Amino acid sequence: MLVSAASQHHWSQRWVFLLALVGATVGLGNIWKFPHLLVEQGGGAFLLVYLCCLLVLGAPMVMAELALGKSGGLSPVAAVRKIAMDSQASRFWVVLPLLSVLTGFIVFAFYSVVSGWLLSYFFAGSAGRFDGLGSQDLESHFSNLLDDPVALLIWHSAFVLLVVGVLLKGIRGLDHAVRVLMPVFFLLLVGFLLVAAWQGNIQRSLQLMLYFDASDITLQTWQLALGHAFFTLSLGMGALIAYGAYLPPSHNIGRSVIAVLLLDTLIGVLVGLVIYTLVFAAGLEVSRGPGLLFITLPFSFGNMAAGQWLLGGFFLLVTIVAWTSAVALLEPAVQVLNKRFAMGRSWSVGLVAIAVWLLGTVALVSFNQGQEWTLAGMTLFDLLDFLSAKVLLPITTLLLVLFVGWQVKSEVMRQALSTAGWLFNIWLVLIRFVVPTLLLIIIWSNIYSRF
Ligand code: PHE
């Protein structure tokens, strides 16, 4: 059933919503963090711990956020206000979505700067600029890019424009974007798996990523797995509340959630397989983060036939996941201005875009002119990361869980989740007791590791 443009308030189809959810959750975290976590933290043993975290913490939280959005139906702020009123809870809880929106906003700023690098590499790679370069040259190419505030600004601005392009048309824009972008992403992923199988030894990467040694499981494994589950599922930033707002009342949330958890993990594993197989095929060592994407991989592709096209394709794949995640990061702020403050959609998008553009511009200076500007030993970029990931995110999520678990009437949540009775009961126990305890552990370990 396709819905006419003017009357569209919901995702046009169930599978489109699922694609949107995958787009929002699969992001840079799946690409440069997850495969490395697997390799470093015990392969299959880490995966097992991580899957437990997804089931126990991830699934109930994703369900809670989607349900809040679905039953509020407006913006994250309006949704929480409405549900708090329905449950006769304090109006103070409105702080919660405001904090989430703020966190998403900050995360967007550095997400956009990094995505700007991706765009730059997409164009430079497709144009053959890296052909035949040695690893030294690639290192200096990357550091030259970071040293050049004007280039960073141009790419960051271009990325903000890409996101604006999707957001301007509201649900219609989101719906169309995921219909096009996600299939392209899946095709590219399958294509790269084939290339990896053809060029290298997939089995070796599989062994590296999924070997199993139970003695590798330590407290740190749990902490890392919990922390990653949080980020990769896009929790605590209002994104899922915002996407839930476009769900029709009859939607059964439980089923979509399981599919997303599995896909998010599977995609992380598959991307890891591609990356490591290609890196090994070029005789290189595994690395992580920016070094892996911007130095090691271009070098690996440089050794292959049609490396230029492969490199371009790979950066397109990564740009797509960053793009669909970035859209989800900003949609909540746009909804708040649009619905809560009755500002037109274009104005809301414009205002939010200018604000994040400015914040990103301030952040990108940390790599060059502003390298010396530090606070507590952190550059502005690191500070934004610390503030959002280590401070705001855990606090907001804890508040969120306390709100849905203890303040909202369970009848309201039962209806919003539209799920089987037994599943609801499990959800309630997890959200009331288990998730808050796990969140306290994360908060404690964040504070502990900082001092
Ligand atoms: N889940 C995304 C990632 O893994 C990050 C993200 C967080 C996206 C919050 C949207 C909202 O990179």
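I will try to describe carefully the structure that is included in this document. (Residues numbered from 1 in each chain as written. Predicted model: local features only at pLDDT ≥ 70, side-chain atom pairs only at ≥ 80, totals over all residues. Heavy atoms only, no water.)

Scanning the chain from terminus to terminus reveals 18 helices and two strands. Scaling as 2.2 N^0.38, a compact globule of 451 residues should have a C-alpha radius of gyration of about 22 Å, and the chain matches this with 21 Å. In terms of overall dimensions, the chain has a C-alpha envelope of 65 × 50 × 50 Å along the principal axes. A total of 451 residues make up the chain; the buried ones form 58% of that total. Excluding contacts between residues fewer than 6 apart, the proportion of contacts in the chain whose partners are at least 24 apart in sequence is 82%. Of the accessible surface of the chain, which amounts to about 18000 Å², a share of 68% is contributed by carbon and sulfur atoms. In the chain, 21 positive and 18 negative side-chain charges are present, and the distance between their average locations comes to 18 Å. (Helix = DSSP H or I, 4+ residues; strand = E, 2+ residues; numbered from the N terminus. Rg over C-alpha atoms; globule rule 2.2 N^0.38 Å. Buried < 20%, exposed > 50% of the residue type's maximum accessible area, 1.4 Å probe, protein only. Contact = heavy atoms within 4.5 Å. Areas by Shrake-Rupley, 256 points an atom, 1.4 Å probe, with all protein chains shown as cover. Lys, Arg positive; Asp, Glu negative; His and termini not counted. Charge placed at Lys NZ, Arg CZ, Asp CG, Glu CD.)

For the structure on display, the rule yields 29 aromatic pairs. Aromatic pair tyrosine 121 and phenylalanine 294: ring centres 4.9 Å apart, planes at 70°, arrangement edge-to-face. Taken together, the positions of tyrosine 121 in helix 5 (residues 95-126) and phenylalanine 294 in helix 13 (residues 289-302) put the pair 173 residues apart, joining distant regions of the chain. Taking the centre distance of 6.3 Å and the plane angle of 25° together, the rings of tyrosine 276 and phenylalanine 280 count as stacked. Placement of the pair is tyrosine 276 and phenylalanine 280 together in helix 12 (residues 253-281), with a separation of four residues, close to one helical turn. There is no split in this pair, since tyrosine 276 and phenylalanine 280 are both buried. Pairwise contacts between aromatic rings join Phe110, Trp117, Tyr121, Phe130, Phe142, Phe192, Phe294, Phe301, Phe314, Phe315, Phe367 and Phe381 into one cluster. Residue placement shows arginine 340 over the ring face of phenylalanine 341; its charged tip is 6.0 Å from the ring centre. (Phe/Tyr/Trp six-rings, centres within 6.5 Å; stacked < 30°, edge-to-face > 60°. Lys NZ or Arg CZ within 6 Å of the ring centre and 35° of its normal.)

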